[in-house]
Structure formats: C-alpha cells, structure tokens
Amino acid sequence: MSSALSNLFWILIFPGFLFTVVLGLAASWIVRKVSALVQWRVGPPFAQPLYDIMKLMGKEILLPQEAQRHVFIAAPLVGLAGVLLLSTMLWRITIAETAFVGDIIVAIYLMVLPSLALILGSSASASPHAAIGTSREMKLVLGYELPLVLAFVVVIIKTAGHVEPGQQLSLAAISEHATVLSVSGMLAFLASLLCVQAKLGFVPFDIAESETEVASGVIIEYSGALLAVWKLMHAMMLVALPLFLVMVFLGGFGTAGWPLVAGIGKYVLVLVLIILIKNTNPRMRIDQAMRFFWFYCGIALAVAVILATIGNYYGISWL
Amino acid sequence: METNILCIPVLLPLVVGFGLLFLPNKLKLRSGALTLIISFVTFVLSIRIFALGRAEYSWAVLQISDFNLELLLRTTPLGAFILVFAMGFGVLISLYSLESMAGARRTNEYYGAVLLTIGGSAGILLSNHLLFLLIFWEIVTASLYVLITTGGRNSNFAATKSFAMIGASDAAFLLGVMMAWGLSGTFVITDIGLATTSTLPVVAFLLLMMAAITKAGALPLHTWLPTSGEHAPASVMALLPAAIDKLLGIYLLLLIVRDIFVLQSAALSTVLAIIGAATIVVAVMIAMVQHNLKKLLSFHAVSQVGYMILGIATMTPVGIAGGLFHLLNNAIYKCCLFLCSGAVEQQTGTADLERLGGLGKKMPITFATCLIAALSISGIPPLNGFVSKWMVYQGVIQMGAAQTGSTAALWPVWLTCAMFGSALTLASFVKIIHSMFLSRLPSDLKDVKEVSSFQTVPMMVLAAVCVLLGVFYHVALDRLIYPALGVGAGADVLTGTWQSTLATALIVIGVAVGLLILLIASFAKKTRIVPTWNCGEQMSNEQMIVPGTHFYKTVSNMGGLRQLYSGQEKGYFDLYDQGGRFGLFLTRFLRWMHSGLLPMYLTWVVVGLLIVLFVVCGIW
C-alpha cells in the first residue's frame, strides 16, 4: 500500500506533475525572455506563462461541429499523461538511481506519445488546415526518428565498455558516463539536440503549427482549457526532453552538492542552445526538414556509429 | 482415449471441410453455424491439449518392408501454444464470417476451405513426421487458393499468383525434406538434428527456410500477399495471411532452426538477419504510399514478419522469445486490422482510402478496435506490439555485446532498421486512421452504420487481448512464451526494464489529472459547438476534405527514392512478375521454333539424332 501511495506522490507532486509543471512554466519563461533579449525586446514578466494558462482556463471550449469529439478531447489528455510519465520516470531514475518504469528504449518510445497525441487530436478536428498540420507533424516525426535511433546506437556503443552487460539499457547506468566527450558522442549529441528541437516544435522545425502558413495547423481548432492542456504539455516537454539529453549524453544530473549545480548548468546549457537555434534560423519546409534529417544528419550519424565502433574496437575512447 | 484427443482437432475439421467443399453451393446448409461449432470444439480441445502437457499418438498408415509411414502426432510446448491461438483465430473468423459472408455465392466452398485450414494447421502444429507435416502444409496452401477465389473480380489472378509462389516454395520444402531424410535417414522431426557444417545440410536448410518465409511472407517472396490482399475477402486475409500463415511459417522456421538443424554456420544467421531487416524497412516503405486499405495492410503483414525473423536470427534467448511473442502479437492485431478493414469495406462499399473519412462517428466500435490495433502494431507503449519489439531490440543489442562474427558486428544496422521501421509503421497507420475514421465524413457516407455484433465481437476480443498482453506481458511470457521455448519461468531473459502495469497506472493517473483540469474549467465556462474555421471561406464539406493519401508523397518524390518507388510500382522487384516475363520470353522462343515448317523440324530431328549418337558413342 505504501508503495502505491509513494507512487502517487511521485506522479502527482514530486518529481511528477506539480514539480514538472512549475519547472516547465519557468523554462518557458526563460525561452520567451531570452528570445526577447535576442530580439532587443524587454520580454514578459516571470509569471506570464502561468497567467496565460489561467486565462485560457477561463475561456470557453469551442468544439468543431464535424470533429470526432472523443478523440479531439482525449488527445491532449493522453499527450499530457505521456509527458508526465516520461518526466516522472527520468527524475525518479535521477534521484534514486534505480530502475523505474523503463529503460532508454522505453524513454525513446514515450517521447513519441506527445507528437502522436497532437497528430490524432488535429486529425480529429476536421479542419483542412489541421489535416495539413497532421501530415507535417507525422513527417517530422519520421524525419527525426532516424537520427534519434542512430544516436541511441552511438550511445549504446560508447557506454558498452563502462557498464555491466545486463545494464546496457539502464538509464541510470548510461547517465554515469558523459558520451559527449568524444567525436562520435558529440555528433550524436548535436543531432539529438536538433531532434529535440523538432520534438518541441521550435523554429526551424515549427512546421506543423506554423502560424503564418497554416494558422497554427495542428492546434488550430483548440481553445480554452483544451489549449491550456496542450500548453502545459509543451511546458513539461521543456523539462523532460532536455533532461533526457543531459542524462544520455552529458553525464547525468546530480542530486546534491556540486553535481547538482553542474546538472543545473547542463540543463540550462541545453535549453539556451535550443533557444539560440530557435532565434537564429528561418522555418524549414517539410521536405527540406526530412531531407535534412535523413540525409545530412543520417550520414553524419552513420559516420559517428562507425567511429564509435572503431574506437571501441581499438580502445580509443575519444573517437 | 487420452491420446486420441490429438487426433480429433486434425481429422474432424479435415473430414467435415472436405465434405463441405464438394457439396453444391445451391444446397443452402447452415454451413456457417456448423463451421463455428466445429471450430469451437477444436478450440476447446486445443486448450485441453495445451493443459495436457506431453502426449503422443501414432498410427501406422503404410508399411512396405523397412519403409514405415506412420502418422506421428505429439505435443510440444511450442506447438501446443501456437495451436491454441490458431484455433482461437478459427473461432473468431467463423463468427465474423457468419455476417460478412452472408450474401456470398459460394458459402459451402468457403466454409469447407476454412475448416480445411483449421484442420491442416492443427496437423502441422501437432505432427512429428516431416512427410505428414508437408501434406498438412499443402492442405493449407490449397485451401488458401480456394479461399482467395471466393473474393470479387480479379481474385482468380491473385489466387493463382499466391498458389504459384507458395506452391513453388512448397516444392522447395519437399526437396528440403527429402534431403533432410537422405542425410539423417529419418522423417521424425525430433530425431533429425542435422549439423550445418557441410554444403548439403546448408542447402536443405535454405530450401526449408524458403518454404517458411514464403508462407510467412518475407522478402523477397512476399509479393503474393499484397496482391491477394487487394482482391480476397477481408476475413480470408485475417484468417490466413495475417494470422495462421504467420503462425505456421514462423513455427516452421523455429522448428528448422531449433529442432531439425543445429545451426553452426554464422553465414546462415546473417542471411536470416538480412532478410529480417530488409523485410521490415522495404515493405513498410511500400506500405506507406498505398491507397488501397487492404493492400496497405498486406504490406504491413509482410513488414512485421521481419521483426520475428530478426528476433530468431539474433540467436539470443530474449531475441527468440521476442520474435515468438511478436508472432503472437502480430497475428492478433493484424487479424483485428483486417477484420476492421472488412467491416468498413462492407459498410461503405470501398477500400479506397481517398473515398473514406470521418467514419469514427458512424462506426465507433470498429474505430476504437482499429485504433488500438493500429497503435499496437506501431509499438506504442503500453500495448503488446511495443513489448515484443522492445524484446527484439534487446536481442539485437545483446547479440552485439555477447557474440562475435559478422551478424553480431553488424548489429547497429539491424537495430536501426528495426527501430526506424517502427516509426514508418506509425506513419502509415496515422494515414489509415486519418483517412478512414478521422478527417471529415464524405456526404455519400452519411448513412453508414456500424456492423452487427457478429463482427464487432471478434474485433473487440482481439483488441482487448492486445491491451491485456501488453499490460500484463510478464504473465504471457511466463505462461506461454518461455515454456514454449524451454526457458524456465522467472529466468533472467530480459535485460531492459519495462514496468508495464506501473506505467499504465501512471498514464491513467495522468489522464485523470488532465480530466480534472478540464472539469475545473468546465465550471467556469460552457462548451460551444462551432463550425470548422476555414479562414472565412464558404466551402462545401467535400471541398474541405483533405484525405491522407497525399501524406507521404514528400517521401516518394524524394530524390533517390522516387526511382525505387516507380520501379516497385511497375513490378521490377516482384519475383513473380520477373518469373512471368522470363516465362513469356521462353514461350516466345518456343513459338518461334515451332513455326510449322517441315525443314525446321527436320533440322531439329537431325540435330537431336546427332547429339544422341555422340552421347552414346562417347559413353561406349
């Protein structure tokens, strides 16, 4: 019984819903503030993301007449639950350094859930704009999954010599090793950073909800509390996805003392990199994005896989 | 009596099915109900056989001097477990067919062939004698031919193609069986145990493997499957290519790899791994751009085989267990998907994705079951497809870590193909779900209704099993998969972590949190139904429909892939089409020789005589 209660505490309070939401709203404030500074604006006050959510909660929910309402309403909830599970899992593993819920493959698959929820929700909204958004979002997922898988392979190869045979997939074991400190690890990290950029739907990969092209595409028909749930989900992704990168590539997040400070530093570093990419690039077209991920990132990572294999074989750890 | 129990599930459906096959179709019997009853009886018996543990049955059919032909039946944990599921599919499809085949002309033939399939597959799964296994195998092939022809126009072409391809592979099977017999001197499967160290056993292995992968539908011998998918009734596709053919093909492959041969050649497992990885990616890439619902599903039926073969090729416990579990899972969700497609085609009159849409409101049960099965095949946690794929990935990674040799060294390639194939699968199922159930309802489908419960019950059962096997996968592994493979319960097979029940509970809590947010908001403001925002334009419903058929044109028009896609469309990579072209060339050549001119024939006669003389003289 106590384990059920403690699981409930983890998912709802810490490090689950409450913690991730607060952190996520803070992170989305950082995104907006830094973007503003880059563009020579003042930027919003700290609580602005929270105000936005509160405001949306007070607005009425509009349901399109032709929509498949069950899917339309359920989609944001499933997306939220998926990110919540991912975030809780990653934090629990960081804090307790034991297995919780799943391994690195599970994490990669859970990261698909928000995109999938977005796709189903937009597809259910019966709008032609949303249908275009659906198609774009799905193709974007297709695009970045290939480099993400290859980066995962690099990580497995690089950590192979450092963990026990049975622990190869364990996130706790992988996060003890900073894969980024090698040529192949660096390539894999950079490519994964771009994948995370695409997962977050930030420029240059904001193709699915590009406001100026398809009027917010995937979320065009969402309003009120349903839109608030999407915003919350996005804020939580701002916590979970960079944390995943920190754990897999940058040697993990400490829990006390200097490692904790270093962990926060790593997280902020990833976040700032994402923000800078967001603010210094134009939006790609969907076919450009797919070609970018499949061919350029794919080839770079294939090279990384080969380098890592060679490095492993001859015992050259910097390759 | 206890041992006769093995005999009944084989002989009862075979006898009744054979009888039904030759009854005139004008004789309106309740053949559907009869089939349902018999399939149910065999299902119950199969459960008893499964519970029975080890049992054997032998019946001397023929004895000529020292050549002894015996019908040897025996239960193995693997065979008995697959038997239960094969018979289960038989029951569900019989139930589904009661409604879906109600208006068909050749019902007696249809149900007869269904029973022959059931009996034949029971025979394959229980037989311990290679020759009888081959006979039962042929019965299943022949009944597939009959079943496909009960489809609409052009189904004869599809049936012929399937029969030609599977028949050719069956010939290879026969040759392989003969070689195995010649090498080991016995037909009894459990006694063979050939080592693959010299050429002959390797050739025999390849021949038997060809039979197995053709039946299961792996590259490059898969092309019968999409063609029949387009023309055969959906219930036939759900019964044979989606479920039973897979079960039998992979069962044979496991039999070959584990019982008949002792695999010692690394090259053979590389061959298997290449077939597996290529099947996953190539078939799913083709599936993505299809417009016909059933054809699209058929290509997925091909693609999923790749995971099973790859899992077996890893030769690690977790990989083989994953491959076997994937076999089971795939049979379940693919069967469900074909049944859903059949329901939709039956109610709307089309399987063309371009003409469907918005059916989620009209056919809610079909939609829900199809969505579950689609998410499952795409490997979305916590459904069953995820678990078995995850196990196959572990197998590949473990192989890379523990083994040496070319197959193990190339593990990044296999892993990338498998994991990326999963994303591609998701993409094509998003297309299906969007174009069929979501998007907008075309005006001519306004009066579509849900199918009756004869058809929804099988779909719901299969979807529920998808969820249960996913959430409680430990039970399935401990009770079914590990015993079937001879791995002790509680053995440390898995290297990864996936606490599925906890994860499911947490997802449910997460959804509840979201619902709470919506509930709080609903106190503040009411919801309102509004027309879809279309930038203020006045457009008709039809003009606003964006079907999913164009989704992946971006992929098929990409430089480098475009040529491959157009080549595939023209059948360049279809061994059947290429074989047909070669045959055509051969007949043209023969026709050219048979010109009807006497001097020509005389020349041939003289040339022939000369050759005969030369040979005879040479020998003397």
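Focus on the overall build of chain B
Across its full length, chain B holds 24 helices and five strands. Over its C-alpha atoms chain B spans a radius of gyration of 26 Å, differing by no more than 12% from the 25 Å that the globule rule assigns to 620 residues. Its C-alpha atoms give chain B principal-axis dimensions of about 105 × 65 × 60 Å. Within chain B, contacts between residues at least 6 apart in sequence are counted, and of these 82% link residues at least 24 apart.

Observations concerning the overall build of chain A
For chain A, the count of helices and strands is 13 helices and one strand. Against the compact-globule benchmark of 20 Å for 319 residues, chain A has a radius of gyration of 20 Å, which places it among compact chains. Projected onto its principal axes, the C-alpha positions of chain A cover 65 × 50 × 40 Å. Buried positions account for 61% of the 319 residues belonging to chain A. Across chain A, contacts joining residues at least 24 apart in sequence account for 79% of those joining residues at least 6 apart.

A word on the interface of chain B and chain A
Listed by partner, the interface residues are 60 residues for chain B and 68 residues for chain A. Of all the secondary-structure elements, those providing two or more residues to the side of chain B that touches chain A are helix 14 (384-402), helix 16 (411-436), helix 19 (500-524) and strand 5 (527-530) of chain B. Among the elements that take part in the side of chain B that touches chain A, helix 19 of chain B stands out by supplying 15 residues, more than any other. Residue classes in the side of chain B that touches chain A are distributed as 39 nonpolar, 16 polar and five charged. Where strand 1 (residues 61-64) of chain A meets strand 5 of chain B, four bridges bridge the pair, whose relative direction is parallel.

So, the packing of helix 13 (residues 364-377) of chain B against helix 17 (residues 453-471) of chain B
All names here are of chain B. Between helix 13 and helix 17, whose axes approach to 9 Å, the crossing angle comes to 35 degrees. Of the two possible hands of crossing, helix 13 and helix 17 adopt the one that is left-handed. Seen from helix 13, the contacting residues are Ile-365, Thr-366, Thr-369, Ile-372, Ala-373 and Ser-376; seen from helix 17, they are Thr-456, Met-459, Met-460, Ala-463, Cys-466, Val-467 and Gly-470. A breakdown of the residues in the contact of helix 13 with helix 17 according to their chemical character gives eight nonpolar, five polar and no charged.

Details of helix 16 of chain B
Under the 1.5 Å per step criterion, the end-to-end length of helix 16 of chain B is 37 Å for 26 residues, consistent within 8% with the ideal 38 Å. The element helix 16 of chain B is extensively covered by neighbouring structure, given that 25 of its 26 residues are classed as buried.

Describing the nonpolar core
Counting 350 residues, the largest nonpolar core has Val154(A), Leu247(B), Ile256(B), Cys335(B), Cys336(B), Ala373(B) and Ala418(B) as the members making the most contacts within it. Here this core takes 22 residues from helix 11 (residues 224-249) of chain A, the largest share from any one element. With residues up to four places along the chain from it excluded, the contact list for Ala373(B) reads Tyr333(B), Cys336(B), Leu337(B), Cys340(B), Ala463(B) and Cys466(B).

Remarks on unusual backbone geometry
Excluding glycine, residues mostly carry a negative phi; peptide bonds, for their part, are mostly trans. Val203(A) connects to Pro204(A) through a cis peptide bond whose omega is 5 degrees. In this structure, Pro204(A) sits in the loop between helix 9 (183-200) and helix 10 (211-214). A cis amide bond links Leu219(B) to the next residue, Pro220(B), at an omega of -5 degrees. When you line up the elements, Pro220(B) lands in the loop between helix 7 (199-216) and helix 8 (224-231). Unusually for a residue other than glycine, Met315(B) sits at a positive phi of about 60 degrees.

Structural notes on the environment of Asp259(B)
Residues and elements named next belong to chain B. Mapping Asp-259 onto the fold places it in helix 9 (residues 234-260). By C-beta crowding, Asp-259 is classed as partly exposed, having 16 other C-beta atoms within 10 Å. As for Asp-259 and Pro-9, which are separated by 250 residues in sequence, their C-alpha atoms are 24 Å apart. In this view, Asp-259 contacts Ile-189 and Thr-190; residues no more than four positions away in its chain are not counted.

Observations concerning the environment of Gly510(B)
Tracing the backbone through its elements, the reader meets Gly510(B) in helix 19. Ignoring anything within four residues of it in the chain, the contact list for Gly510(B) reads Leu80(A), Ala81(A), Leu84(A) and Leu85(A).

A closer look at the packing of helix 5 (residues 130-149) of chain B against helix 9 of chain B
Residues and elements named next belong to chain B. Packing of helix 5 against helix 9 brings their axes to within 11 Å, and their N-to-C directions diverge by 165 degrees. One element, helix 5, and the other, helix 9, form an angle in the roughly antiparallel class. Our pair here, helix 5 against helix 9, has a crossing hand that is left-handed. Facing helix 5, whose interface residues are Val-140, Leu-144, Leu-147 and Ile-148, helix 9 presents Val-236, Leu-240 and Leu-248. Within the contact of helix 5 with helix 9, the residues separate by chemical class into seven nonpolar, no polar and no charged.

Focus on helix 3 (residues 48-57) of chain A
All names here are of chain A. Those residues of helix 3 not exposed but buried are Pro-49, Ile-53 and Leu-56. Down the axis of helix 3, the sector holding all buried residues measures 65 degrees, keeping them to one side. Looking at helix 3, the residues exposed on the side facing more than 90 degrees away from the buried face are Tyr-51, Met-54 and Lys-55. Each element contacted by the buried residues of helix 3 is listed here: helix 2 (17-38) and helix 11.

Points about the environment of Ala117(A)
Residues and elements named next belong to chain A. Its location among the elements puts Ala-117 in helix 6 (residues 112-124). Residue Ala-117 is classed as buried on the basis of its C-beta count, with 24 C-beta atoms lying within 10 Å. Put simply, Ala-117 and Phe-72 are 45 residues apart on the chain and 9.5 Å apart in space, counted from C-alpha to C-alpha. Excluding residues within four positions of it along the chain, Ala-117 makes contact with Ala-75, Pro-76, Val-78, Gly-79 and Gly-82.

Reading the values: the criteria
Residues numbered from 1 in each chain as written. Chains lettered and ligands numbered in written order. Predicted model: local features only at pLDDT ≥ 70, side-chain atom pairs only at ≥ 80, totals over all residues. Helix = DSSP H or I, 4+ residues; strand = E, 2+ residues; numbered from the N terminus. Rg over C-alpha atoms; globule rule 2.2 N^0.38 Å. Contact = placed C-beta atoms within 7 Å. Buried ≥ 20, exposed ≤ 12 C-beta atoms within 10 Å, placed from the backbone. Nonpolar A, V, L, I, M, F, W, Y, C, P; charged D, E, K, R; others polar. Pairing = 2+ DSSP bridges. Axes fitted to C-alpha atoms, helices over the stretch in contact; angles between N-to-C directions. Left-handed = near helix turned anticlockwise from the far one by under 90°. Expected span 1.5 Å × (residues − 1). Core = buried A, V, L, I, M, F, W, Y, C linked by C-beta atoms within 7 Å. Parallel < 35°, antiparallel > 145°, perpendicular 65-115°, else oblique. Arc of directions from axis to C-beta.

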